[in-house]
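Chains, contacts and geometry: an overview
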Amino acid sequence: MVGYDPESKHGPLTSTEVAISGSASGMVTRVIISPMDVLKIRFQLQVEAITAKNPQSKYHGILQATWRIFTEEGVQAFWKGHIPAQLLSVGYGAVQFVSFEGLTKFVHIATSFNTRDPAVHFVCGGLAACSATLAIQPLDTLRTRFAAQGEPKVYRNLRQAVVTMYKTEGPWSFYRGLTPTLVAVFPYAGLQFAFYNIFQKVYVYMIPPAETSTGNFKNLVCGSCAGIISKTCTYPLDLFKKRLQVGGFEQARSAFGEVRTYKGFTDCAWSILREEGFVGFFKGLSPSMLKAAFSTGLTFFWYEFFCSTFRSLKISGMVEKKQE
């Protein structure tokens, strides 16, 4: 189970083991879901309506966008920005899960709250995600810019991107979109952990452990359902973040249609509502939900898998010592 469990027979894992499990989970998941992430970002940044009825729209739907990106930019386009994205996933996974395990343990020691309660997981999950976001925000901005640029490329590699952004836009350019990110990530991650907790309990109630041994499948299903719900509830804030992150990056966006520059969070939200309507807040929701289902499901699946591996190794080591 994710989070501190005072009733665990095997005892808690060390911070290093949790960090490795979180990092490995993020790394494996990132490789798999990168194409969906590129589709989501392209949809979010398109000002024109995502429909075939508008001749100025570059992307009309998931299948059409996938084929167009493939024919125009090649299969490697679906892994644009993969290096900063991979660094982001590894760092985020480590900080988030170490923080979450530490916070739930603190709740158990310092308060009378039940650490297995969904409300506790919501608060601890949100705070853990905020700490991880502050640590990796520059990498997230770089990942977004790499995924957003078309041909010809403005940034050829990670080093050039960092130097160019620092010289032309200043150090704060790496933290563009931080406000909506923090506003969005707390409820998003909080809902992920809370609903994962809830679905785990529902799954065990409907299919008692004695009747099945598919623990890994349970983690995948519960994580996917939690990801879909949390993403849908907080999606507009993620869209604002992406629009703000590519501010000052208009040259690379010109090939995709109209571009906009926003003065801040409020201006971004109001401009989208005025020019694109309420539906503009949910551009790219379909690939985003698909990505959230895979991403969250796989993240919890792999995290639980690696944690179980560490516990198994510990048990094996204890058995060997006893035999000696």
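Everything that follows concerns the structure shown earlier in this document.
Residues numbered from 1 in each chain as written. Predicted model: local features only at pLDDT ≥ 70, side-chain atom pairs only at ≥ 80, totals over all residues. Heavy atoms only, no water.

1. A word on helix α2 (residues 62-73)
- The terminal C-alpha atoms of α2, which comprises 12 residues, lie 16 Å apart, in line with the 16 Å expected from a rise of 1.5 Å per residue.
- Here α2 has its buried residues at Ala65, Ile69 and Glu73. Taken end-on, α2 shows its buried residues confined to a sector of 30 degrees, consistent with a single buried face. Counted as exposed and oriented over 90 degrees from the buried face of α2: Leu63 and Trp67.
- Where α2 is buried, its residues meet α1 (15-45).
- Phi for Gly74, located one or two positions after α2, is positive at around 90 degrees. (Helix = DSSP H or I, 4+ residues; strand = E, 2+ residues; numbered from the N terminus. Expected span 1.5 Å × (residues − 1). Buried < 20%, exposed > 50% of the residue type's maximum accessible area, 1.4 Å probe, protein only. Arc of directions from axis to C-beta. Contact = heavy atoms within 4.5 Å.)

2. Description of the packing of aromatic side chains
- Tallied over the entire structure, the rule returns 20 aromatic pairs.
- Three or more aromatic residues joined by ring pairs form one cluster here, namely Phe97, Phe100, Phe193, Tyr196, Phe300 and Tyr303. (Phe/Tyr/Trp six-rings, centres within 6.5 Å; stacked < 30°, edge-to-face > 60°.)

3. Topic: the nonpolar core
- Among the nonpolar cores identified, the biggest contains 18 residues, and Val2, Phe97, Phe100, Phe193, Tyr196, Phe300 and Tyr303 are the most heavily contacted of them.
- Mapped onto this core, the elements with two or more residues apiece are α3 (82-110), α4 (118-148), α6 (178-206), α7 (215-245) and α10 (285-323).
- Discounting residues that sit within four places of it in the chain, Tyr196 has contacts with Val2, Leu191, Asn219, Cys222, Gly223, Ala226, Phe300 and Glu304.
- Counting residues in hydrophobic clusters, the runner-up holds 12 residues, among them Leu239, Tyr262, Ile272 and Leu285. (Core = buried A, V, L, I, M, F, W, Y, C linked by side-chain atoms within 4.5 Å.)

4. Considerations on the side chain of Arg30
- Its place among the elements puts Arg30 in helix α1.
- Once residues within four sequence positions are removed from consideration, Arg30 is found in contact with Asp37, His82, Ala85, Gln86, Leu88, Ser89 and Arg143.

5. Structural notes on the environment of Thr181
- Mapped onto the secondary structure, Thr181 falls in helix α6.
- In the structure, Thr181 is positioned 51 residues away from Cys130 in sequence and 8.7 Å away in space, judged by C-alpha atoms.
- Not counting chain neighbours up to four residues away, the residues in contact with Thr181 comprise Thr133, Gln137 and Lys241.

6. Looking at a nonpolar patch on the surface
- A cluster of nonpolar side chains, namely Val31, Ile32, Trp67, Phe70, Val75 and Trp79, defines an oily patch on the protein surface of about 580 Å² accessible area.
- Only α1 and α2 provide two or more residues apiece to the nonpolar patch.
- Among the structural elements, Val75 can be located in the loop between α2 and α3. (Patch = residues over 30% accessible without salt bridge, like charges linked within 9 Å, V, L, I, M, F, W, Y side chains within 5 Å. Areas by Shrake-Rupley, 256 points an atom, 1.4 Å probe, with all protein chains shown as cover. Salt bridge = Lys/Arg side-chain N within 4 Å of Asp/Glu carboxyl O.)

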